[in-house]
Amino acid sequence: MSITSPPSTQPEEDQPGPQPVPQEISAGRASLYRGFGPLLRRLHFYAGILVAPFLILVALTGLAYAFTPQIDQVAYHDQLHVNTVGTTRLPLSQQVAAAQQVVPAGTLAAIHPAAAPDATTKVEFSLPELGDKQRTVYLDPYTGQVRGLLTTWSGATPITTWLDQMHANLNLGDTGRLYSELAASWLWVLVLGGLILWWRQQRGTRTARRLLLPGTTAGKGVRRTRSLHATAGIWLALMLLFLSATGLTWSQHAGAKFDLLSATLNSDNIPLTTGLGATGPSAGDSKHHGSGGTTRTQADLDAIAASVETSRLSGPVTITPADEPGHAWTVAQTDNTWPVHRDKIAVHPHTGQIIDTVRWADQPPLAKLTSFGIHAHMGVLFGFANQIALALVAAGLIVTIGWGYRMWWQRRPTRHRHRYRLGTPPPRGTWRHLPIPALVITALAALAVGWAVPILGWTLLGFLILDAALALARHAQSHPATAQDPK
């Protein structure tokens, strides 16, 4: 790829003038190239200069988040592990009762039984003052000893929560989410545009070596930098497109369109049936303790724990109380490392009877692919190897962007005061080279992309307006007489 490489800003010895379209190219292809080529270079240039800082932020925060499992093990070792591995664990009801004594005003939100012999049990409680966060008690499952107390978010530790929000929205809430969606949206333009530009740059001499390795004859200066920049982009292209696509699936605006597509294709996750009907004890029945805290009777939790053994849900699981009376509790596997285990069961809270079961194997293919993509994006799906791959991609992206800025600096105008620092806009009348069908298809495609990825659509419109303004400014500068007020 050749990010930030508009030919109009090169030194004259590197770019003597407009490059003619080779004669061997058909008239139709020549028209397309003359019409789209300059615009593509400008979009690639604008994105490289203006969006690259957001991409650097995404890469750095994503790199830190990918290694949160290791960070947590260091920062919260005492909370996550027991001192001595015992032989027999306390009943789950006793563990939850011990946790309730630490947070007497809390309402039970979730239970994470110890998933390894040396791991602690985590019991989450909701408190009004915490909003969507929880107070989590970490317990020794063998003795009931409290190992720690943290404020968590969906089971994530404070450090993991902070890094997650930093990556997603710079800890600025919904407004901050625009930065990551902007970066993910424009990454497609950078990657695909760069691939096309580099392919065109190598016309007539295309070989696997010239496309995939830095040129040995590139010399020094901007040509050498461009060669390094482009070949690095080639190697990173697939992973960057993958990270962009998976990131957009849970973004604020494009994510909503993806959810709509999943619903239209009937590819949402199969829901778990939790209704208990009109008979039997209500799932909302509870016993209150202390100053308003809520827990369940001993028989409830032990029966639910027994149902986990009966259903053979292996690995880490999360037990979640019913949201409202008349519904079952849910027990879900949370093993997101390959091979994935994500079965779910609905359990009667008093009898332990399994009301419904949803197997991961039965989920729609698109739902599975989405889950795989998200957890690979997070560095979880393939464990440590996944983390290393993400680290290499993040480092490669930062270096590639650095080479892009270096090209910009090497090609900056130094001798011609009339050159624009952002490069010369495409020649006026560029679109006249395009056949009408190509214009119609392009307009429809732009509308479709703008609908599916709204942030890309609106900023693309803004970039086109900016480019048109630059063209008008240059025209006025070149023809000052026509620009004067006739009065």
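Residues numbered from 1 in each chain as written. Predicted model: local features only at pLDDT ≥ 70, side-chain atom pairs only at ≥ 80, totals over all residues. Heavy atoms only, no water.

Glancing now at the pairing of strand 3 (residues 134-139). Taken across its six residues, strand 3 has five buried, putting it largely inside the fold. One ladder, built from six bridges, connects strand 2 (residues 121-126) with strand 3; its direction is antiparallel. Bridged to Thr 121 within strand 3 is Leu 139. In this antiparallel pair of consecutive strands, strand 3 and strand 4 (residues 146-152), the connection spans six residues, and Gly 144 shows a positive phi of 80°. (Buried < 20%, exposed > 50% of the residue type's maximum accessible area, 1.4 Å probe, protein only. Helix = DSSP H or I, 4+ residues; strand = E, 2+ residues; numbered from the N terminus. Pairing = 2+ DSSP bridges.)

Before going further, it helps to spend a moment on the packing of helix 2 (residues 68-75) against helix 5 (residues 158-169). Their axes nearest at 9 Å, the elements helix 2 and helix 5 cross at an angle of 150°. Overall, the two elements helix 2 and helix 5 adopt an arrangement that is roughly antiparallel. You can see that helix 2 and helix 5 cross each other, and the crossing is right-handed. Contacts between helix 2 and helix 5 involve Thr 68, Ile 71, Asp 72 and Ala 75 on the former and, on the latter, Ile 159, Thr 160 and Leu 163. Class assignment for the residues of the contact of helix 2 with helix 5 results in four nonpolar, two polar and one charged. (Axes fitted to C-alpha atoms, helices over the stretch in contact; angles between N-to-C directions. Parallel < 35°, antiparallel > 145°, perpendicular 65-115°, else oblique. Left-handed = near helix turned anticlockwise from the far one by under 90°. Contact = heavy atoms within 4.5 Å. Nonpolar A, V, L, I, M, F, W, Y, C, P; charged D, E, K, R; others polar.)

Turning our eyes to something else, we now look at the packing of helix 8 (residues 222-249) against helix 11 (residues 365-377). Orientation of helix 8 relative to helix 11, taken along the N-to-C sense of each, is 110°, at an axis distance of 9 Å. One finds that helix 8 runs roughly perpendicular with respect to helix 11. Handedness of the crossing formed by helix 8 with helix 11: left-handed. Packed against helix 8, whose contacting residues are Phe 242, Leu 243, Thr 246, Gly 247 and Thr 249, the element helix 11 presents Gly 373, Ile 374, Ala 376 and His 377 at the interface.

Here the focus is the packing of aromatic side chains. Evaluation of the coordinates by the stated rule reveals four aromatic pairs. Ring geometry for Tyr 405 and Trp 408: centres 6.1 Å apart, planes at 45°, overall tilted. Highlighted residues: Tyr 405 and Trp 408, both in helix 12 (residues 383-410), separated by three residues, approximately one helical turn. Judged by relative accessible area, Tyr 405 falls into the partly exposed class, the value being 24%. You can call Trp 408 partly exposed: its relative accessible area is 29%. Put simply, the rings of Trp 338, Trp 360, Phe 372 and Phe 382 pair up and form one aromatic cluster. Across from the ring centre of Trp 451, 5.5 Å away, lies the NZ or CZ of Lys 257, which sits over that ring. (Phe/Tyr/Trp six-rings, centres within 6.5 Å; stacked < 30°, edge-to-face > 60°. Lys NZ or Arg CZ within 6 Å of the ring centre and 35° of its normal.)

So, about the pairing of strand 2. Alignment of strand 1 (residues 107-112) against strand 2, held across five bridges, turns out to be antiparallel. Opposite His 112, over in strand 2, you have Lys 122 as the bridge partner.

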